[in-house]
Amino acid sequence: MKQVASLVKRNIQVYSRNRMNIISSLFTMVIIIVLMTVFLGDSATSSITSFLKEFDPARDAVQDKLNAGIYILNWIVAGILLVNSVTISFAVVGIMIEDKENNKLNSMYVAPMKRSSFVFAYVITGFIVTFIMCLLTLGFSEAIIVANGGAMLTAVELLKVIGVLAISVFVFSSFSFLCVLAVNTSSSFSHLGGLIGTLVGFLAAIYIPIGQMPESVTKVIKYLPTLSGSSLFRELFTKDISAKLFSGVPADMVNEVNKEFGVSLYYGDNEASFLLRLLILTVSGIIFLGIAIAIMRKKHLADR
């Protein structure tokens, strides 16, 4: 374990040495929040307010618009946390590519360490750095929500969000390491990172709400950890504002809205519980990590 800890410390130092890595991660997060609020926020808010007006024309339209805006802002923030779990962990674990290109990895392999230890070291590095960055994202996002008239998460909800965040970061750090094993150069890593960064927004139903996607697509992405993770965050972030926004609206109609925006997930006619989605997320991470360890061991045997 001391060897793993030493390698983790070394990896964190390598990543932190380039401050642009940290600045770009935070700057990208701000840009995404602004762009999604501007281009997606208004249309989504109008959709919800129109729905409420049709249900009851006598409702307070001004208050509904305010609450709908806060609901969508929380929805966007929840998605950003999932995106950061993927993109930041990928960037951090990518230091392995630098080690490959500089032949440092081959030198490390000479050390009396199991190949699984290298896997754990890079994944743990990705976990630590990404988790800290996502906590900063969470704090910044909460400030934006409060500044726009929303309320901060309760202590219980905050702890749940942090718990889901920890699992999400573990899952996608493991996934990122698995992806990095498939590339050997900075160029290919950069291209793969661009592809993953684009796809995650769609696979987590962030750029387009799941209710607006073709049924053939939703049948597939429902079983991916990206959608399970984003729906968990959305449920926690929108819980309180949802109660205010949909006050007096029948439960079945509220469920349809939540289904439309991916706050809740359905498999057939059955709604997936919080624990089931958490299980899908966790098992996915274990599978990614197991495959990565198996590949590293196979490479070790092939190098003998």
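Reference entry: report on the structure contained in this document. A quick note: this is a predicted structure, and the numbers were derived from the prediction, not measured.

## Regarding the overall build of the protein
Reasoning step 1: When its secondary structure is counted, the protein shows 12 helices and 2 strands.
Reasoning step 2: Expressed as a percentage of its 304 residues, the buried residues of the protein come to 48%.
Reasoning step 3: The contacts in the protein between residues at least 6 apart in sequence include a share of 82% that link residues at least 24 apart.
Reasoning step 4: Total accessible area on the protein is roughly 14700 Å²; 65% of this is exposed by carbon and sulfur atoms.

## A word on the side chain of Ser 176
Reasoning step 1: With respect to the helices, strands and loops of the structure, Ser 176 is situated in helix α7 (residues 155–180).
Reasoning step 2: At a separation of 2.6 Å, a polar atom in the side chain of Ser 176 contacts the main-chain carbonyl oxygen of Phe 172.
Reasoning step 3: Excluding residues within four positions of it along the chain, Ser 176 makes contact with Val 86, Ser 89, Phe 90 and Val 93.

## Focus on the environment of Ile 287
Reasoning step 1: Mapping Ile 287 onto the fold places it in helix α12 (residues 274–303).
Reasoning step 2: Overall, Ile 287 belongs to the partly exposed group, its relative accessible area being 44%.
Reasoning step 3: Residues Ile 287 and Ser 174, spaced 113 residues apart in sequence, show a C-alpha to C-alpha distance of 8.7 Å.

## Looking at the environment of Phe 140
Reasoning step 1: With respect to the secondary-structure elements, Phe 140 resides in helix α6 (residues 115–147).
Reasoning step 2: When its relative accessible area of 35% is taken as the criterion, Phe 140 is described as partly exposed.
Reasoning step 3: Along the chain, Phe 140 and Val 77 lie 63 residues apart, while their C-alpha atoms are 9.8 Å from each other.

## Remarks on the pattern of salt bridges
Reasoning step 1: Counting across every chain of the model gives 3 salt bridges.
Reasoning step 2: For Arg 59, the salt bridge goes to Asp 64, with nearest N and O atoms at 2.8 Å. The same class applies to Arg 59 as to Asp 64, namely buried.
Reasoning step 3: Where Lys 219 meets Glu 215, a salt bridge forms, and the shortest distance between an N and an O atom there is 3.8 Å. Of this pair, Lys 219 and Glu 215 both sit in helix α9 (residues 215–221), 4 residues apart, which is roughly one turn of that helix.

## Regarding the nonpolar core
Reasoning step 1: Core analysis: the biggest nonpolar cluster contains 81 residues, and Ile 48, Tyr 71, Phe 177, Phe 233, Phe 237, Phe 246 and Phe 261 have the highest contact counts within it.
Reasoning step 2: In terms of residues, this core owes the most to one element, helix α3 (residues 61–93), which gives 18 residues.
Reasoning step 3: With residues up to four places along the chain from it excluded, the contact list for Tyr 71 reads Ile 48, Thr 238, Ile 241, Ser 242, Leu 245, Phe 246, Val 257, Asn 258, Phe 261 and Val 263.

## Topic: the packing of α3 against helix α8 (residues 186–203)
Reasoning step 1: Relative orientation of the contacting elements α3 and α8 amounts to 175 degrees, with a least axis distance of 10 Å. Relative to α8, the element α3 is oriented roughly antiparallel. For the pair formed by α3 and α8, the contact residues are Leu 82, Val 83, Val 86, Thr 87, Phe 90 and Ala 91 on the first element and Phe 189, Leu 192, Gly 193, Ile 196, Gly 197 and Val 200 on the second.
Reasoning step 2: Considering only residue class, the contact of α3 with α8 consists of 9 nonpolar, 3 polar and no charged.

The rules behind these values
Residues numbered from 1 in each chain as written. Predicted model: local features only at pLDDT ≥ 70, side-chain atom pairs only at ≥ 80, totals over all residues. Heavy atoms only, no water. Helix = DSSP H or I, 4+ residues; strand = E, 2+ residues; numbered from the N terminus. Buried < 20%, exposed > 50% of the residue type's maximum accessible area, 1.4 Å probe, protein only. Contact = heavy atoms within 4.5 Å. Areas by Shrake-Rupley, 256 points an atom, 1.4 Å probe, with all protein chains shown as cover. Polar contact = N/O pair within 3.5 Å; in protein donor to acceptor, adjacent residues only side chain to side chain. Salt bridge = Lys/Arg side-chain N within 4 Å of Asp/Glu carboxyl O. Core = buried A, V, L, I, M, F, W, Y, C linked by side-chain atoms within 4.5 Å. Axes fitted to C-alpha atoms, helices over the stretch in contact; angles between N-to-C directions. Parallel < 35°, antiparallel > 145°, perpendicular 65-115°, else oblique. Nonpolar A, V, L, I, M, F, W, Y, C, P; charged D, E, K, R; others polar.

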